[in-house]
Amino acid sequence: MTRFLLFWVCLLVMGHKASAQRPAYRPVAADLHGSAARGCAETRLRTSVRQELTTPAHRRLMDRYDVKYYKLDLALENNTRAVAGSVRLRARSGGQILDVLAFELHPALLLDSVLVNGRRTPAPRREAGDVSVTLPQAVAANSLFDAVIYYHGTAPNGSSAAIGNALDTRYVPRYDVNVTWSLSEPFHAYEWWPCKQVLTDKADSTDVWITTKNPNKVGSNGVLTRVVPLPDNRSRYEWKSRHPIAYYLVSVAVGPYLEYVNFANLPGGVRVPIVNYVYNQTALSDNKTEIDRTPAFMENFSALVGPYPFASEKYGHSMAPIGGGMEHQTMTTQDGFNFTLTAHELFHQWFGNNVTCASWEDIWLNEGFASYGEYLSLQALATPEAARLWLDQAHEQVQFRIDRITGNRTDTPGGSVRVPDTTSVGRIFDQRLSYKKGAAVVHMLRYLLHDDVKFFRALRTFQTTYAGRTARTTDLQRVFEAEAGRSLGGFFEQWYAGEGYPIFSVRWNQVGAICCCKPPKLPPCPP
Ligand SMILES: [Zn+2]
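Residues numbered from 1 in each chain as written. Predicted model: local features only at pLDDT ≥ 70, side-chain atom pairs only at ≥ 80, totals over all residues. Heavy atoms only, no water.

### Some details on the domain arrangement of the protein chain
Counted only if it meets this: Either an automatic procedure or a domain database provided the assignment from which the domain bounds are taken. Summed over both partners, buried area is the accessible surface (1.4 Å probe) that two parts give up on being assembled. The term salt bridge refers to a side-chain nitrogen of Lys or Arg lying within 4 Å of a carboxyl oxygen of Asp or Glu. What qualifies as a polar contact is a pair of N or O atoms within 3.5 Å, subject to a donor-acceptor requirement within protein and to the restriction that residues adjacent in sequence count only when both atoms come from side chains. Helix numbers and strand numbers start at the N terminus; a helix is a DSSP run of H or I with at least 4 residues, a strand a run of E with at least 2.
Parsing the protein chain into structural domains produces domain 1 (2-41 + 360-518) and domain 2 (56-347). Just the C-alpha atoms count here: the centres of domain 1 and domain 2 sit 31 Å apart. Roughly 2600 Å² of surface becomes buried between domain 1 and domain 2 when both sides are summed, with 66% attributable to carbon and sulfur atoms. At the junction of domain 1 and domain 2, the tally comes to zero salt bridges. Across the domain 1-domain 2 interface, the total number found is six residue pairs in polar contact (both at pLDDT 80 or more). Elements supplying a minimum of two residues to the side of domain 1 that touches domain 2: helix H2 (29-32), helix H3 (35-47), helix H8 (364-381), helix H10 (425-428), helix H12 (452-465) and strand E24 (469-471). Per element, the largest residue contribution to the side of domain 1 that touches domain 2 is twelve residues, and it comes from H8.

Below you can see the structure in the form of C-alpha cells.
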C-alpha cells in the first residue's frame, strides 16, 4: 500500500508543477467550497423525487428496438407547464418482429393518438409511466419504423405529489422575467415527452421544434436552423442536432431571452459559437465577465482531452432558476455563472455527454470528471495555489461531512464511488462520493501514470473510443491499463468499489529543504 502514501506526497508535488504563466484568475470562496458540485447535484435532487419505476418486463419490451431519431414538435410558453404536440420516434427493430411498441410517458400527460408507420394504433395500455401499444401491423426484424405520438397536458408538479418537475416554470424576481425549462436527469424526461429512458440507447440525432408566443426565444440542442413566423404572434424555433444524445440531455428553455454570442477558437481554425440566452440586459451586465471565460475554458479542455465534441454545432447557456447548472448537450442550463460552475458544466460536454455513463452506478464518469474539470481550469487559468486549494477542499469534503451552518465536521469514511442503489437519486448525485471523491480518484489516476502525456492521452483515447456512446468504469480502467502497462484491478477495486481511505502514521524529519520520511510498516498490496 505504499502507493497510497506516495499518492498523498504526489499531490503536493503535482500542485506545484502547474504553470503560472497565464493570466491568473483569483478564485472566490464559491469556487473552492464545492458550490459547483452542489449546484450540479442539487438541481437533480430538487427535480428528482421519483424513483426509477419502469418494470423489468417493460424494459425488455423497450429493448426490442434501437432509437435512431427523435423529433419533438411542441407548444410551450414561458409561464406554464402546459405541453402539447407530438414526438416522432424513428427506430430499428431488433432480431425479432416488433408487435408492441413500448415507451414511457407520465400519466399526467394524455395520449391523443399513436401512429406507427402511418397507421393509427389501438388505445395504448398505460401503467404508471409505462405505455405500450399493439401495432396494427408488426414491424419485421431489423427494420426501421416510424412512430408519431400525439399528446398534451400539464407536466407534473412535485409540490403536489411524489414526483419532480422535469418541466418547470418560474418568475425570476431579480430580473423580472418568467421562464420555462426542462431538467430531466436522471430519469424524468418522461414527465414532459414520450421517450425510452435507457442510457445505453442514445438517439443518433434530434430535432426540437418549439412553438411559442413572441417575444419568447427557445434554447435547445444543436443548431437553430430557422425561426418560423406563425399567425397569432407566435414563432416556431427549429433546433437540429446530428450528434448522438442521451434522453436526459434533450432540453428546452423558453423565455424572452436576450441572445449574446461569443466564440472559442480551436486548433485548425475551428471557431465554435457560444450562444448565451440570458434573461435581459441587466442579467448580461451582471454575468458578462463570467460568461466571457467560457471560450478559454473550452480552448483549454480541447487542448487537454481533445476537441470540443460538438464543434460542428455550438455550445451555449440558457438561463433558468435551477439553483445551479445542468449540462444539456450543446446548451447548458445555468441560473448564474461562476468560474467553477461554468467550467464544470462545460467539461460535461466531454464527460457525460460525448461519453455518457452506461449505468447510474458509474455516474462518477460524468460527475467526478466534470468536477476535475474545475481543477483543470483553475490549474490553467488561475494559480497553482488555487488548484491546490481546490483539491485540499475536495479531500476535506470526502473525509468529513461539514455542517454548512455550524461548520462542525463529522468523520465520514464510508461509501463507495460506485453507486450501489441506482434508484436513489440522492445516492447517485452524492456530492461527497460521486463528485469530490470521484474527482480525487481521477487525480490519483493521474498520479498512477505519473506522466501527464500518458494521463491526457488516456483521457483522449477514452473520448475517441466511446465518442457518442456510453461507457462503464471497466472501459475506463482498460484505457488506463493500456497506458500504465499493468493491471489496475487492485486500484479500481479499492477506490471505485471499495470504501474509505487509508490513514498512515509517518515519522518524518526536515533539515533545511530536505524532508525525510520513514514509511510505516504496511500490509502487502492487493493484486
Ligand atoms: Zn455535474
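Text resumes after the structure shown.
### Concerning the pattern of salt bridges
As a reminder of what qualifies: Partly exposed residues are those whose accessible area sits between 20% and 50% of the maximum for their type, while under 20% is buried and over 50% is exposed, using a 1.4 Å probe and protein chains only.
In total, this model carries 22 salt bridges according to the counting rule given. Here Arg472 and Glu361 are joined by a salt bridge, their closest N and O atoms 2.8 Å apart. Of this pair, Arg472 sits in the loop between E24 and helix H13 (473-484) while Glu361 is found in the loop between strand E21 (355-357) and H8, placing the two residues 111 residues apart along the sequence. Arg388 is paired through a salt bridge with Asp392; the nearest N and O atoms lie 2.5 Å apart. Here Asp392 and Arg388 lie together in helix H9 (residues 384-399), a separation of four residues that amounts to about one turn. By relative accessible area, Arg388 is classed as buried at 13%. Asp392 sits in the partly exposed class, given a relative accessible area of 35%. In this structure, a network of salt bridges that share partners links the residues Glu361, Asp362, Arg418 and Arg472.

### Looking at the pairing of strand E17 (residues 270-278)
Applied cut-off: For two strands to be treated as a pair, DSSP must find at least two bridges joining them.
Two elements, strand E16 (residues 258-266) and E17, share nine bridges in a ladder whose sense is antiparallel. Bridge pairing in E17 places Ala264 opposite Val272. Here E16 folds back onto E17 in antiparallel fashion, the turn holding three residues, of which Gly268 has a positive phi close to 80°. Inspection of the sheet shows E17 paired to strand E18 (residues 315-319) by four bridges, in the parallel sense. In the strand pairing of E18, Ile274 is matched with Tyr315.

### Details of the packing of aromatic side chains
As a reminder, the rule being used: In summary, the pairing rule links any two rings of Phe, Tyr or Trp, Trp by its six-membered ring, whose centres are within 6.5 Å, and it sorts them by plane angle into stacked for under 30 degrees, edge-to-face for over 60 and tilted for everything else. Think of it as a cone above the ring: NZ of Lys or CZ of Arg counts as a charge over the ring if it is within 6 Å of the ring centre and within 35 degrees of the ring normal.
Scanning the model with the defined rule gives 29 aromatic pairs in all. Centre to centre, the rings of Tyr247 and Tyr248 are 5.8 Å apart; their planes meet at 75°, and the pair counts as edge-to-face. Accessibility classification places Tyr247 together with Tyr248 in one group, the buried group. Residues Phe297 and Phe339 carry aromatic rings whose centres are separated by 4.9 Å and whose planes lie at 90° to one another, so their mutual orientation is edge-to-face. With a gap of 42 residues between them, Phe297 in helix H6 (residues 294-305) and Phe339 in helix H7 (residues 339-347) connect regions that are remote in the sequence. Comparing Phe297 with Phe339, the two get one shared label, buried. The structure contains a cluster of three or more aromatic residues connected by ring pairs, namely Phe301, Tyr308, Phe310, Tyr315, Phe347, Trp350, Phe351, Trp364, Phe369, Phe462, Tyr466 and Tyr496. When the ring centre of Trp209 is taken as reference, the NZ or CZ atom of Lys71 above it lies at 3.5 Å.

### Observations regarding the nonpolar core
Selection rule: Only buried residues count toward a nonpolar core, which is a set of Ala, Val, Leu, Ile, Met, Phe, Trp, Tyr and Cys residues joined through side-chain atoms within 4.5 Å. By definition, residues are in contact when any of their heavy atoms lie within 4.5 Å.
By size, the foremost hydrophobic cluster in this structure holds 85 residues, and its most contacted members are Leu101, Trp193 and Trp360. Looking at which element gives the most residues to this core, the answer is strand E1 (residues 65-75), with five residues. If we skip the residues at most four places from it in the chain, Trp193 touches Tyr70, Leu72, Val87, Glu104, Leu105, Tyr151, Tyr247 and Val250. Counting 59 residues, the second-largest nonpolar core is a separate cluster that includes Val272, Tyr375, Ala387 and Val442.

### Quick notes on the packing of H6 against H8
The cut-off we apply is this: For helices, the fitted line uses only the C-alpha atoms of the stretch in contact; every axis is such a line through C-alpha atoms, and the angle between N-to-C directions lies from 0 to 180 degrees. These descriptions rest on fixed angle ranges, namely under 35 degrees for roughly parallel, over 145 for roughly antiparallel, 65 to 115 for roughly perpendicular, and the rest for oblique.
The interhelical angle for the contact between H6 and H8, taken along N-to-C directions, is 105°, at an axis separation of 10 Å. As judged from the angle between their axes, H6 and H8 are roughly perpendicular. The segment H6 lies against H8, with Ala296, Phe297, Asn300, Phe301 and Leu304 engaging Gly373, Leu376, Ser377, Ala380 and Leu381.

### Re the sheet that holds strand E20 (residues 332-334)
If you walk across this open sheet you meet the five strands as E16-E17-E18-E20-E19, and the pairing is mixed. Two strands in the sheet have a free side with no partner beyond their single neighbour: E16 and strand E19 (325-326). Here helix H5 (residues 281-291) sits on the sheet and contacts E16, E17 and E18; the angle it forms with E16, its principal contact strand, is near 15°. Of the strands in this sheet, E16, E17 and E18 are in contact with H6, which crosses E16 at around 30°.

### A look at the confidence of the model for the protein chain
Interpretation of the predicted coordinates at a detailed level should be avoided for regions scoring low in pLDDT. Filter applied, for reference: Per-residue confidence from the predictor is given as pLDDT, running between 0 and 100.
Considering every residue of the protein chain, the mean pLDDT works out to 91; 91% of them sit at 70 or more. Below a pLDDT of 50 lies the segment residues 159-163, which in the model reaches nine contacts outside its immediate sequence neighbourhood of four places, other chains included.

### Here we look at the sheet that holds strand E9 (residues 167-172)
The strands making up a sheet associate through backbone hydrogen bonding, with each pair oriented either parallel or antiparallel. Across the sheet, four strands lie side by side as E9-E10-E15-E12; this open sheet has antiparallel pairing. Pairing within the sheet leaves two strands with one partner each, and these edge strands are E9 and strand E12 (217-219). Strand after strand, the sheet turns through a mean of 20° between neighbouring axes, direction not considered. With six bridges joining them, E9 and strand E10 (residues 177-182) adopt antiparallel strand pairing.

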